[in-house]
Amino acid sequence: MNIGLIAQDAKKKLIQNFCVAYRGILAKHELYATGTTGRMIEEVTNLNVHKYLAGHLGGEQQMGAQIEHNEIDLVIFLRDPLNPSLFEGDVNNVVKLCDIHNIPLATNLATAELLIRALDRGDMDWRELYR
């Protein structure tokens, strides 16, 4: 499965910790991330991450294009709802595209953990048929 990973600045440490905790599961899949998030994940996990541009330089748009082409199976987008970014349109676009294309999306840690555990159990195998 192809997993998209994005984290706004205030959530970057959280996504690093998440990826360390679920490294064993994530290692079985292809990981895609915006540039800074991907680099930070690689630093702490030694996982291979396909990195887009930094989010504010178009990385979220690049991920959106992959979502539109049905090339991403699950997105974990840890965002900071208390500090809206200047790039809120890009954030909302990723969420909108996941809704349009029926891509499972987590925007907080609790949902991210549920989706990763479901992925590990095989509950996401329907994505193979959907693609």
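Heads up: the structure comes first, above all this text.
Residues numbered from 1 in each chain as written. Predicted model: local features only at pLDDT ≥ 70, side-chain atom pairs only at ≥ 80, totals over all residues. Heavy atoms only, no water.

Asks: Where do I start with the overall build of the protein in this structure?
Replies: Within the protein, the secondary structure is distributed over seven helices and five strands. For the protein, the sequential pattern of α-helices and β-strands runs β-α-α-β-α-β-α-β-α-β-α-α. For the protein, whose C-alpha radius of gyration is 13 Å, the value lies close to the compact-globule estimate of 14 Å for 131 residues. Counting all 131 residues of the protein, 48% fall into the buried class. For the protein, restricting intrachain contacts to residue pairs at least 6 apart in sequence, the fraction spanning at least 24 positions comes to 67%. If you sum the accessible surface of the protein, you get close to 6600 Å²; carbon and sulfur atoms cover 51% of it. (Helix = DSSP H or I, 4+ residues; strand = E, 2+ residues; numbered from the N terminus. Rg over C-alpha atoms; globule rule 2.2 N^0.38 Å. Buried < 20%, exposed > 50% of the residue type's maximum accessible area, 1.4 Å probe, protein only. Contact = heavy atoms within 4.5 Å. Areas by Shrake-Rupley, 256 points an atom, 1.4 Å probe, with all protein chains shown as cover.)

Asks: Teacher, can you tell me more about the sheet that holds strand S3 (residues 49-51) here?
Replies: What links the strands of a sheet is backbone hydrogen bonding, and the strands pair in either a parallel or an antiparallel sense. Spatially, five strands are ordered S3-S2-S1-S4-S5 in an open sheet, and the strand pairing comes out parallel. With partners counted over all chains shown, the strands left at the sheet margins are S3 and strand S5 (105-106), one partner each. Contacts from helix H3 (residues 35-45) reach strand S1 (2-7), strand S2 (30-33) and S3, with the element oriented near 155° to S3. (Pairing = 2+ DSSP bridges. Axes fitted to C-alpha atoms, helices over the stretch in contact; angles between N-to-C directions.)

Asks: Honestly, helix H4 (residues 59-68) in this entry has me stumped. Any pointers?
Replies: An α-helical turn contains 3.6 residues, so a residue and the one three or four places further along point in the same direction. Taken as a whole, H4 has its buried residues at Gly59, Glu60, Met63, Gly64, Gln66 and Ile67. Taken down its axis, H4 places every buried residue within 160° of arc, on the same side. Of the residues one or two after H4, Asn70 is the one with positive phi, at around 60°. (Arc of directions from axis to C-beta.)

Asks: Mind showing me how you'd approach the packing of helix H1 (residues 12-21) against H3 here?
Replies: The packing of two helices is summarised by the inter-axis angle and the distance between the axes. One can describe the packing of H1 onto H3 by two numbers: an axis separation of 9 Å at closest approach and a directional angle of 45°. Considered as vectors, H1 and H3 are oriented oblique to each other. Helix-helix and strand crossings are classified by hand; for H1 and H3 the assignment is right-handed. Counting all contacts with H1, which are made through Lys12, Ile15, Gln16, Cys19 and Val20, the residues of H3 involved are Thr36, Thr37, Met40, Ile41, Val44 and Thr45. Along the lines of polarity and charge, the residues of the contact of H1 with H3 split into six nonpolar, four polar and one charged. (Parallel < 35°, antiparallel > 145°, perpendicular 65-115°, else oblique. Left-handed = near helix turned anticlockwise from the far one by under 90°. Nonpolar A, V, L, I, M, F, W, Y, C, P; charged D, E, K, R; others polar.)

Asks: Which parts of the structure should I look at to understand the side chain of Thr37?
Replies: Relative to the assigned elements, Thr37 resides in helix H3. Of the residues examined, Thr37 reaches a relative accessible area of 1% and is grouped as buried. Setting aside residues no more than four positions away along its own chain, Thr37 makes contact with Leu5, Ile6, Ala7, Lys12 and Ile15.

Asks: How should I be thinking about the packing of aromatic side chains in this particular structure?
Replies: What describes a pair of aromatic rings is the distance from one ring centre to the other and the angle between the planes of the rings. Across all of its chains, the model carries two aromatic pairs by this definition. The interplanar angle of 45° and the centroid separation of 5.0 Å between the aromatic rings of Phe18 and Tyr22 together place this pair among those described as tilted. Centre to centre, the rings of Tyr32 and Tyr52 are 6.3 Å apart; their planes meet at 25°, and the pair counts as stacked. Taken together, the residues Tyr32 in strand S2 and Tyr52 in the loop between S3 and H4 connect sequence positions 20 residues apart. For the residue pair Tyr32 and Tyr52, the accessibility class agrees, reading buried in each case. (Phe/Tyr/Trp six-rings, centres within 6.5 Å; stacked < 30°, edge-to-face > 60°.)

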